[in-house]
Amino acid sequence: MISSSQCLSVPTITSPPFANLSPIAFGTLNPAYDDTPNGIANLLDSLPRGTLIDTAEKYGPNKNGDAEAALGRALQICGRTFRYDDDNDGSGDSITPDLLLCSKFAPKPWRLSAESVVEACKASIERLGVDSLYLYQLHYSDAISQPFKIIGYVDNKDELYWEGMAQCYHEGLVKHIGVCNYGPENVRAAYEFFSNKNVPLVSNQINFNLMRYRSSMATKEVCDELGIQVFGYHPLGSGVLTGVYDKDWFSKVPPGLNKVKSKSTRVRWYQKNCAPIIDAVQRIAEKRGKSAAQVAINWNLVKGIIPLCGARNEEQVLDALGGATGPEGSWRLTESEVDELDEASNASAEYARGFELI
C-alpha cells in the first residue's frame, strides 16, 4: 500500500472555505465497483490529508446511492477521520481536516418540496456512515430536468431545492453548500437566494478542461466575481488528453454494439478533431518530464480550478497528485506553456459531454 506520508508535499490552496486543503479533489463517478471494501479503503488511505472526495446519490450502476454505499463501506475500514470542526483537536486552533466528503442532491419530478432535499441529505449521510457532509451540492438545475417541456409544461423547482439546501446548512447536516452545472444566470440567482438566507454559496462544479474551455469561461468569470470556487470535472477529457487510447487499446475493442464500442467511436472523433490540444499536452509533458495527465491537471490549477480527478488504483492517485503546483518542491507550467495550451485548445473542437451551462 502507498502511505499517505508519500503525499505530504502536495501544496494546498488558500481560498476559503478550501484553505489549506489539497488542491486535487477525487471523484467517484466511475469507480471500480467490483473492488472489495478493503481495496477501496486502501485507495482512500493513499490520499493526502485535506483531500475532498466527491460523490453523489446518482452515481453508480443503479443511480440510487450505489457509489455512496460502496464508499461508505470502505470508509468504515480505512483509518481516516471525517470531522469538520474548526477546532477538531481541542487545541483552539483551526487545523486541516483529514478527508472531506461531498455529495449531491439530484432534482427529480417527484421531489416536490424543500423537505425532500433534507430527506435526501440524511439518506446520503446514512449511506456514507458519517455524521455530516463537508459540502452538499445541487447536481444540476431543475430547469434542465423537465420531461414535459416538449409539450409546453415547465415546473422549475430550483427555489424549493435551494430552500431545502439552506435547511440542511442551518440544521448542521452539512458544513458548506454548493451547486453543480450552473451557468452565469443560475449562479447569480442562487447566490442572491442563499445570501438572503445567510448561507454562503461556496462552489460550482462544472465541466472544465483543455477540451472544454471556451464555453465554460463565462461561468468561471461570474464565479470569480462572486467569490465562488470552481471545481472542474473531466479534467482529462475522460482520458483522451492522456494518450491512453492508443492502437493497443483500440485492438481490444469488442465487435458489435456495446459501451466500449460506443466509447471508441467518441474517442476517435476527439482524437481527430482535438489533435492540436492532444499533441500540445504530449509535447509539453515530454519536455517537462511529466505525464500528460499531470500537464492537463496543472493547467487547471493555474486557471484557479480545483480539478476533480478519478482514480482506480493508487498509482493513478499519485499520478494525479503529481500535477499539483505549490511552493515545496512542486512545479508549475510556465506562462508560455499555458499560452501554448490555450492556443491549441482554441484550435480544437470542444468536448461535448456535460450539462449546458445556463
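Parameters and conventions
- Residues numbered from 1 in each chain as written.
- Predicted model: local features only at pLDDT ≥ 70, side-chain atom pairs only at ≥ 80, totals over all residues.
- Heavy atoms only, no water.
- Pairing = 2+ DSSP bridges.
- Helix = DSSP H or I, 4+ residues; strand = E, 2+ residues; numbered from the N terminus.
- Axes fitted to C-alpha atoms, helices over the stretch in contact; angles between N-to-C directions.
- Buried < 20%, exposed > 50% of the residue type's maximum accessible area, 1.4 Å probe, protein only.
- Lys, Arg positive; Asp, Glu negative; His and termini not counted.
- Salt bridge = Lys/Arg side-chain N within 4 Å of Asp/Glu carboxyl O.
- pLDDT = per-residue confidence, 0-100.
- Contact = heavy atoms within 4.5 Å.
- Parallel < 35°, antiparallel > 145°, perpendicular 65-115°, else oblique.
- Left-handed = near helix turned anticlockwise from the far one by under 90°.
- Nonpolar A, V, L, I, M, F, W, Y, C, P; charged D, E, K, R; others polar.

1. Regarding the sheet that holds strand E7 (residues 229-233)
One closed barrel accounts for eight strands, arranged E1-E2-E3-E4-E5-E6-E7-E8; its pairing is parallel. Recorded for the sheet is a direction-independent mean angle of 30 degrees between the axes of neighbouring strands. With five bridges joining them, strand E6 (residues 201-207) and E7 adopt parallel strand pairing. Paired with Gln205 across the bridge in E7 is Phe231.

2. Description of the side chain of Lys108
Following the sequence through the fold, Lys108 ends up in the loop between strand E3 (99-105) and helix H3 (114-128). Of the side chains bearing the opposite charge, Glu57 lies closest to the buried Lys108, which forms no salt bridge; the N-O distance is 4.7 Å.

3. A look at the pattern of salt bridges
On inspection of all chains with the given rule, the structure shows 11 salt bridges. The salt bridge involving Asp224 is made with Lys220; its shortest N-O contact spans 2.6 Å. With a gap of four residues between them, Asp224 and Lys220 both fall in helix H6 (residues 217-226), about one helical turn apart. Measuring nitrogen to oxygen at the nearest pair gives 2.6 Å for the salt bridge that ties Glu337 to Arg288.

4. Re unusual backbone geometry
In most cases, non-glycine residues show a negative phi, while peptide bonds are predominantly trans. Of note, the phi angle at Asn181 is positive, near 60 degrees, even though the residue is not glycine. Among the structural elements, Asn181 can be located in the loop between strand E5 (174-180) and helix H5 (184-196). Residues other than glycine seldom take positive phi values, yet His234 does so here, at roughly 55 degrees. If you trace the backbone, His234 turns up in the loop between E7 and helix H7 (247-251). Exposure remark for His234: the relative accessible area of 18% places this residue in the buried category.

5. A word on the environment of Asp131
The topology assignment puts Asp131 in the loop between H3 and strand E4 (133-138). Note on Asp131: relative accessible area 75%, which makes it exposed.

6. Side note on the confidence of the model for the protein
Interpretation of the predicted coordinates at a detailed level should be avoided for regions scoring low in pLDDT. In the predicted model, the protein carries a mean pLDDT of 85, and the fraction of residues at 70 or more is 83%. Every residue in residues 1-10 scores below 50 in pLDDT, and together they form 22 contacts with partners more than four places removed in sequence or on other chains. Every residue in residues 87-93 is under pLDDT 50, and counting partners more than four places away or in other chains gives seven contacts.

7. Quick look at the packing of helix H9 (residues 275-288) against helix H12 (residues 335-346)
Relative placement of two packed helices is described by the angle separating their axes and the distance separating the axes. Look at H9 against H12: their axes get within 8 Å of each other, and the N-to-C directions meet at 160 degrees. With respect to H12, the element H9 is oriented roughly antiparallel. Here H9 runs over H12; the crossing is right-handed. Here Pro276, Ile277, Ala280, Val281, Arg283, Ile284, Lys287 and Arg288 of H9 come into contact with H12, specifically with Glu337, Glu340, Leu341, Ala344 and Ser345. Of the residues that constitute the contact of H9 with H12, the class distribution is seven nonpolar, one polar and five charged.

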